[in-house]
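Chain residues, written in single-letter form:
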Amino acid sequence: MKNKLIVISGASGVGKGTVLGIMMQKRKDLTFSVSATTRPPRPGEIDGVHYYFVTKERFQEMIDQGAFLEYDAHAANFYGTPRAQAREKLEKGPVLLDIEPNGAKQVRASDPEAVLIFIMPPSMEELERRLRGRGDTPEDQIQMRMTRAVWEMEQRFWYDHVVVNDDAERCAQEILDIIADSGENTN
Ligand code: 5GP
């Protein structure tokens, strides 16, 4: 059976990183698609692990070469999934894509087999609390991210599955069950 792309979307601050980390610890054949981005690294982010940090010129070059499976511009930066990397990683197992809804839509269009999962926060209050708690986002950006979060959450209805991150362990297990149920190769 062919391995699938597993698209995970959810508002900034919803805890996607933690949930994905738990999933990958529990199921060793899962790999993570490392996106290219033009935004600068945050403290602790490693080039080639969290993102490939590239210039706008390099990103444009990759667009021109058709190197992206999908890409999107938001918050004044570009983000994209390198096509060759995803293809290569699919040889090993299901590939997790942490991407926003515009990208998810492009993946759906090019690969109808992809599984699209949307992570919701327990509440908007909790989302805002988590965004502030991270301590690395300026106030004006918090407001921008909350506005964007509302738009992103409105997109959840065309996803295959919607899960709530009320508890990262539980949420990770729910997504693992969805992947297993989607007819994924579990060898
Ligand atoms: P951040 O800058 O906080 O790391 O990510 C901001 C948003 O960009 C998140 O919603 C994340 O899912 C999304 N994102 C990260 N990589 C990609 C990508 O390759 N393509 C698209 N479309 N969105 C991405």
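The present account deals with the structure reproduced in this document. (Residues numbered from 1 in each chain as written. Predicted model: local features only at pLDDT ≥ 70, side-chain atom pairs only at ≥ 80, totals over all residues. Heavy atoms only, no water.)

### Thoughts on the sheet that holds strand 2 (residues 31-32)
We count it as follows: Strands were regarded as paired on the criterion that DSSP finds at least two bridges between them. Each helix corresponds to a stretch of at least 4 residues labelled H or I by DSSP, and each strand to a stretch of at least 2 residues labelled E; elements are numbered beginning at the N terminus. In this analysis, two residues are considered to be in contact whenever any of their non-hydrogen atoms come within 4.5 Å of each other. Between N-to-C directions, angles cover 0 to 180 degrees, with each direction set by a line fitted to C-alpha atoms, over the stretch in contact for helices.
Strand order in this open sheet of 5 strands is 2-7-1-8-9, and the pairing throughout is parallel. Either end of the sheet is taken by a strand with one partner, and the two such strands are strand 2 and strand 9 (161-164). Across the sheet, helix 1 (residues 16-26) is in contact with strand 1 (5-10), strand 2, strand 7 (95-98) and strand 8 (115-120); its angle to strand 7 comes to roughly 175 degrees. Strand contacts of helix 4 (residues 101-110): strand 1, strand 7 and strand 8, with the helix running at about 155 degrees to strand 1, the strand carrying the most contacts.

### A look at the sheet that holds strand 6 (residues 77-82)
Overall, mixed pairing links the 4 strands, which are arranged 4-3-6-5 in an open sheet. Of all the strands in the sheet, the pair left with one neighbour each is strand 4 (51-53) and strand 5 (68-74). The mean inter-strand angle of the sheet, taken between neighbouring strand axes irrespective of direction, is 25 degrees. As paired elements, strand 5 and strand 6 share 6 bridges and run antiparallel to each other.

### Quick look at the packing of helix 1 against helix 7 (residues 168-181)
The line we're drawing: Each angle is binned into one of four classes, with values under 35 degrees roughly parallel, values over 145 roughly antiparallel, values of 65 to 115 roughly perpendicular, and all other values oblique. Crossings are assigned a handedness: left-handed for a near helix turned anticlockwise from the far helix by less than a right angle, right-handed for a clockwise turn. Amino acids are sorted into nonpolar (Ala, Val, Leu, Ile, Met, Phe, Trp, Tyr, Cys and Pro), charged (Asp, Glu, Lys and Arg) and polar (every other residue, Gly among them).
Direction vectors running N to C along helix 1 and helix 7 enclose 60 degrees, while the axes themselves pass 9 Å from each other. Classified by the interaxial angle, the pair formed by helix 1 and helix 7 is oblique. Handedness of the crossing formed by helix 1 with helix 7: right-handed. Here Thr-18, Val-19, Ile-22, Met-23 and Lys-26 of helix 1 lie close against helix 7, whose contacting residues are Ala-168, Glu-169, Cys-171, Ala-172, Gln-173, Ile-175, Leu-176 and Ile-179. Considering only residue class, the contact of helix 1 with helix 7 consists of 9 nonpolar, 2 polar and 2 charged.

### Looking at the pairing of strand 6
Stated formally: Burial classes follow relative accessibility: with a 1.4 Å probe on protein chains only, a residue under 20% of its type's maximum area counts as buried, one over 50% as exposed, and anything between as partly exposed.
With 5 of 6 residues buried, strand 6 lies mostly within the body of the structure. Note that strand 3 (residues 35-37) and strand 6 share 2 bridges and pair antiparallel. Paired with Thr-37 across the strands is Tyr-79, a residue of strand 6. Joining the antiparallel neighbours strand 5 and strand 6 is a turn of 2 residues, in which Ala-75 adopts a positive phi near 50 degrees.

### Points about the environment of Tyr-159
Using the following cut-off: By the criterion applied in these results, polar contacts are pairs of N or O atoms within 3.5 Å in which, for protein atoms, one can donate a hydrogen and the other can accept it, and in which residues neighboring in sequence qualify only through two side-chain atoms.
Here Tyr-159 shows up in the loop between helix 6 (139-154) and strand 9. Counting along the chain gives 58 residues from Tyr-159 to Pro-101, while the straight-line C-alpha distance between them is 9.1 Å. Aside from chain neighbours lying at most four places away, what touches Tyr-159 is Ser-9, Glu-100, Pro-101, Ala-104, Leu-116, Ile-117 and Phe-118. Side chain to side chain, Tyr-159 and Ser-9 meet in a polar contact 2.6 Å long.

### Section: the side chain of Thr-31
Along the polypeptide, Thr-31 turns up in strand 2. With near-sequence residues (within four places) excluded, Thr-31 lies in contact with Met-24, Lys-89, Pro-94, Val-95 and Leu-96.

### As for the site of the ligand
Note the threshold: When we say a residue is near a molecule or strand, we mean one of its heavy atoms is within 4 Å of it. Areas reported here follow the Shrake-Rupley algorithm with a probe of radius 1.4 Å; residue values treat only the protein chains shown as occluding.
Close contacts around the ligand come from 16 residues, with Ser-35, Arg-39, Tyr-51, Tyr-79 and Asp-98 the closest. Between an oxygen atom of the ligand and a side-chain N or O atom of Arg-42, the distance comes to 2.8 Å. Within the side chain of Tyr-79, one N or O atom sits 2.6 Å away from an oxygen atom of the ligand. Protein coverage of the free-state accessible area of the ligand, which is 510 Å², stands at 93%. Where the shell around the ligand is concerned, the elements lending two or more residues are strand 5 and strand 6. Partitioning the shell around the ligand into residue classes produces 3 nonpolar, 5 polar and 8 charged.

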